[in-house]
Amino acid sequence: MRRALLIYFACVLVTCLLAPLTKGQESARSQSPTKLSLKVLIFDGAAPTLYPVGDDEKTGMAAVIKDFRRQPASRWRSDTHIDRAALFFRRDGERVRVTVFIYGDENSSNDGVKVAEYVMGEGEGRAVIQLADYGIEPLRVAVVRRAEVKLTPPRVENRTSAVEVTAIDVHENVPSFELTLRNASDKNIRAVEIREMRGRMSKGPPPLFDWRGMSLIEPGKTWKVTLEFGWNSKMTPEGHAVEPPDRVVINSVLFSDGGYEGDSLFAARAEAFKSGRRIQLTRLLEIMREWGEPPGIDTREVARELGARVEALECTAEWTAVTELAGRYPLVRGEELDKVKSSIEAGMEWQRSAVLNELKGFVTADNPASDPRVLRKWMKTRREKYEQLLAGI
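Calculation notes
Counting starts from 1 at the beginning of each chain's written sequence and moves along it residue by residue. For a predicted model such as this one, the threshold for reporting local features is a pLDDT of at least 70, and the threshold for listing and counting side-chain atom pairs is 80 or more; totals across whole chains, interfaces and linings nevertheless cover every residue. Only hydrogens and water are set aside; all other atoms, that is, all heavy atoms of the structure, feed into the side-chain values. Using a 1.4 Å probe on the protein chains alone, a residue whose accessible area is under 20% of its type maximum counts as buried, one over 50% counts as exposed, and one in between counts as partly exposed. Under the scheme used here, helices are H or I runs from DSSP no shorter than 4 residues and strands are E runs no shorter than 2 residues, and both carry numbers assigned from the N terminus. The criterion for strand pairing is that DSSP finds at least two bridges linking the strands in question. On a scale of 0 to 100, pLDDT captures the predictor's confidence in every residue. Note on contacts: a residue pair qualifies if any of its non-hydrogen atoms lie within 4.5 Å across the two residues. Definition used in this section: a nonpolar core is a set of buried Ala, Val, Leu, Ile, Met, Phe, Trp, Tyr and Cys residues joined via side-chain atoms within 4.5 Å. Given the number of residues in a helix, its expected span is that number minus one, multiplied by 1.5 Å. The directions considered for the arc run from the helix axis to the C-beta atoms. To define axes, lines are fitted to C-alpha atoms, for helices over the stretch in contact only, and angles between the resulting N-to-C directions are given on a 0 to 180 degree scale. Pairs of N or O atoms are called polar contacts if they sit within 3.5 Å, as long as, within protein, a hydrogen donor faces a hydrogen acceptor (for residues adjacent in sequence, only side-chain-to-side-chain pairs). Two rings from Phe, Tyr or Trp (for Trp, the six-membered ring) form a pair when their centres sit within 6.5 Å of each other. Planes less than 30 degrees apart are called stacked, planes more than 60 degrees apart edge-to-face, and all others tilted. Comment: the charge-over-ring label is applied if NZ (Lys) or CZ (Arg) is within 6 Å of the ring centre and within 35 degrees of the ring normal.

Right, let's get into the pairing of strand 4 (residues 84-92). The element strand 4 is extensively covered by neighbouring structure, given that seven of its nine residues are classed as buried. Sheet analysis places strand 4 next to strand 5 (residues 95-103), joined by nine bridges and oriented antiparallel. When the sheet's bridge partners are listed, F89 is paired in strand 5 with V98. In textbook terms, the turn of a hairpin is the stretch between consecutive antiparallel strands, and for strand 4 and strand 5 this stretch comprises two residues, one of which, G93, has a positive phi near 70 degrees.

Structure (structure tokens):
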């Protein structure tokens, strides 16, 4: 009898201990966020484009829109020519916060102009009517439910021996894949070309990995590459269905000595882009070394003067430099030489804009430093930073 009572009380105790855990698990399940996507209609009659929204609170993502429809110039209220619009969207509880920015010319260094912001729940939508002031047919944005899709890591097709894929992590909450890569060579890696494929087709935009700004990867070092699923238009009764890549191709590697593995055209264009960056950084350092003393009374004035000099830097590649660089790679067609030239100029423009954006923060500072010692230290720090950048490209 006593043993039976002990067993009974033990069962009651276990039940009491487990009950809160079960309720907590049920509560966690009931509180898991609804999977959502952002639906974008670029103009009336266009097929809708859908972007997954992360499940975690404040998870942010972005989309760049360039193929919008322009209105007749007579309807514009602004004389600003818009090159692209950007949508920044993030989870805000069970809703999505969408911010719309517009940008001028492709090579402009401005941070963009915010024209609209909305907070929407599932089934809600807005028309970005503010775009009409800039001659753009208003985009339409809406929030829709996203369907559950099983995420299977993609197959890796590696056309190089210099790069090893050591891990592939699945992030259900973004959703995305994350590759961990290792430099398995005895050389510094300057750039890597990675392609996402679904079937035989390229999958959306490039990965969330910009080789243009990457620093040298030393032998044995690892780095990570996030593979976003990009956009698609697949809707099911359960909601938007993402279509992740099923194959990832490591297509080409460029080394710091100019050698490469894989696709020679990528290697040539990547080397050309990096060359353009190096040209501008070299010019920038020459400007700074010319100044024995700061050309201004405070950091704001010096940043403004330096910004003006940087903005005046040309972004035109000489054909002699183009043919010299292209001669290192098996390029034979004229159109490929044009691509190499364009890549050098794109690198020049990219680096010029990057420096201008950095200096802009000092130009607009509320409390610029004016102490001579601090000012000289500020200039020394900037120069050392650009020297390190130059050495690491």
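Mean pLDDT over the protein chain works out to 86, with 86% of the residues at or above the 70 mark. Low pLDDT (under 50) marks residues 1-30, which in the prediction has zero contacts with non-local residues, meaning those over four places away or in another chain.

With 38 residues, the main nonpolar core has V163, I189, V192, I194, W211, W223 and V225 as its most contacted residues. Breaking this core down by element, the ones donating at least two residues are strand 11 (176-183), strand 12 (189-198), strand 14 (222-228), strand 17 (247-255), helix 2 (264-290), helix 4 (319-326) and helix 5 (334-363). Tallying contributions element by element places helix 2 first for this core, with six residues. Among all residues touching W223, those that are not within four sequence positions of it are V163, L179, T180, L181, R182, N183, I189, V192, F209 and I217.

Spacing of three or four residues puts side chains on the same side of an α-helix, whose turn is 3.6 residues. The terminal C-alpha atoms of helix 6 (residues 372-391) lie 29 Å apart, and with 20 residues this matches the ideal 28 Å at 1.5 Å per residue to within 8%. All buried positions along helix 6 are accounted for by L375, W378, M379, R382 and Y386. Taken down its axis, helix 6 places every buried residue within 95 degrees of arc, on the same side. What points out from helix 6, more than 90 degrees from its buried face, is the exposed set R373, K377, Q388 and A391.

A separate point is the sheet that holds strand 6 (residues 113-121). Sheet architecture is open: four strands sit in the order 3-4-5-6, paired in antiparallel fashion. The open sheet has two edge strands with one neighbour each: strand 3 (60-65) and strand 6. With strand direction ignored, the average angle separating the axes of adjacent strands in the sheet is 20 degrees. The sheet contact formed by strand 5 and strand 6 spans eight bridges and is antiparallel. Counterpart to T99 in the pairing with strand 6 is E117.

Attention shifts here to helix 2. Between its first and last C-alpha atoms helix 2 spans 39 Å; for 27 residues at 1.5 Å apiece the expected length is 39 Å, and the two agree. Most of helix 2 is tucked away: 20 of the 27 residues are buried. You can read the cap of helix 2 off the contacts: a side-chain oxygen lies 3.1 Å from the backbone nitrogen of F266, and it is on D263.

Now for the sheet that holds strand 10 (residues 163-171). Whenever strands of a sheet pair, they do so through backbone hydrogen bonds, lying parallel or antiparallel. Read across the open sheet, the three strands follow the order 10-11-14; overall the sheet is antiparallel. Among the strands making up the open sheet, the edge pair consists of strand 10 and strand 14. Pairwise comparison of adjacent strand axes, ignoring direction, gives a mean angle of 25 degrees for this sheet. Note that strand 10 and strand 11 share eight bridges and pair antiparallel. When the bridges of strand 11 are listed, I168 appears paired with L179.

Our next topic: the packing of aromatic side chains. Inspection of the entire model under this criterion finds eight aromatic pairs. We note K187 situated over the ring of F255; from NZ or CZ to the ring centre the distance is 5.0 Å.

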